[in-house]
Amino acid sequence: MSTIESNTGADIPNHMPKKRSYNDLGYGPKVNVSSTLKVLSWNIWLNSNYRKERTQQIITTINRHQPDLIFLQEVTPDTHKLIEQQLRNSYYIFECFQGEGSDYGTCILCNISTVKIVTDSPYYYDYTVTKFSRRIVGCEIELFKAERQPKFQIVTTHLESLPENSQTRNIQFNMLDGSCRDFKHCIIAGDFQVWSEHEPLAASLRDSRFNDCWVDLGCPGKLKYTYDSKKNRNARFTQNQADGEHAQCRFDRIIYHSNKLKPKTMGLLGRTQLSPDLNVTPSNHYGLMAEFDLS
């Protein structure tokens with residue numbers, strides 16, 4: 001397979017390999033047609049505490065908002081099973097656990113009524129540098145939303161965790177950026193693990209050809225922190241934080257490259273506790289949902 005050279009010096013493929021066949025998928029009728037595209041990205045947290053209850057609340061939230069595209073990170077086999085059981089009639093779902101013997105991974109859901117997955121398009125690509133078996137997962141789609149829409153590449157990823165791995169996740173993003181270099185219409189959403197706007201990854205994101213939905217909407221302060229240990233009791237302190245120090249980070253991002261998309265609104269999901277008797281939120285991250293106008 002031919003390769004191209006990224007600005008990190010790492011070789012990456014011109015075309016990421018296809019790993020699953022969708023020849024057997026039938027596609028639903030073109031219903032719920034509108035001129036907007038709703039995209040949700042959510043790290044749903046692999047922690048075992050109240051995992052079934054938390055996942056159920058996430059599913060309830062998805063059913064309430066009915067996003068067209070959903071990108072989930074830290075999906076475990078049991079949470080994937082619950083998601084698949086309850087959402088398979090509304091969404092095409094494909095999962096990608098992160099390596100041999102790994103206990104969690106990433107997952108993409110496409111709304112059956114508004115999105116068509118291009119046959120044989122789902123793919124994944126393993127990062128060459130990673131301690132946590134992180135990878136790129138994506139596919140090519142067509143939209144029922146409006147006439148004469150182009151095909152879009154949609155991609156999710158969960159970059160390397162922890163503050164000390166800033167160089168690794170910067171290398172990973174540059175590999176991701178290079179892999180998507182030839183895509184004319186592309187949406188990337190996931191957990192980028194940007195702990196500081198001064199780290200190399202933050203600069204690489206700003207310098208890339210991708211637009212950041214949050215930035216395009218004017219950097220609203222109330223939507224800045226998708227990981228906020230001041231307000232979300234599920235968010236944990238990291239090993240190098242002093243006692244009482246809180247982490248407030250814009251981990252989760254939706255970025256895009258397309259002249260067919262214009263951000264319209266954005267919101268955070270999963271900020272309330274599960275019930276009056278269960279004072280935990282669905283995840284240690286908030287879900288990030290953006291709505292785009294389709295030109």
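See above for the structure.
Residues numbered from 1 in each chain as written. Predicted model: local features only at pLDDT ≥ 70, side-chain atom pairs only at ≥ 80, totals over all residues. Heavy atoms only, no water.

Draft legend 1. Seen up close, the pairing of strand β3 (residues 36–43). Counting buried positions along β3 gives 7 out of 8 residues, so the element sits mostly inside the fold. As paired elements, β3 and strand β17 (residues 287–294) share 6 bridges and run antiparallel to each other. From the neighbouring strand, S41 faces β17, where its bridge partner is L288. Here β3 runs beside strand β4 (residues 69–75); their pairing, made up of 5 bridges, is parallel. Among the inter-strand pairings, L40 is bridged to a residue of β4, identified as I70. (Buried < 20%, exposed > 50% of the residue type's maximum accessible area, 1.4 Å probe, protein only. Helix = DSSP H or I, 4+ residues; strand = E, 2+ residues; numbered from the N terminus. Pairing = 2+ DSSP bridges.)

Draft legend 2. Focus on the packing of helix α3 (residues 166–179) against helix α4 (residues 200–207). Put simply, α3 and α4 touch, their axes get as near as 8 Å, and they point 20 degrees apart. By the angle between their directions, the pair α3 and α4 is classed as roughly parallel. When α3 is examined against α4, the residues S166, Q167, R169, N170, F173 and N174 are found in contact with a partner set consisting of P200, L201, S204 and L205. Split into classes, the residues belonging to the contact of α3 with α4 amount to 4 nonpolar, 5 polar and 1 charged. (Axes fitted to C-alpha atoms, helices over the stretch in contact; angles between N-to-C directions. Parallel < 35°, antiparallel > 145°, perpendicular 65-115°, else oblique. Contact = heavy atoms within 4.5 Å. Nonpolar A, V, L, I, M, F, W, Y, C, P; charged D, E, K, R; others polar.)

Shape descriptors only; they carry no functional weight alone.
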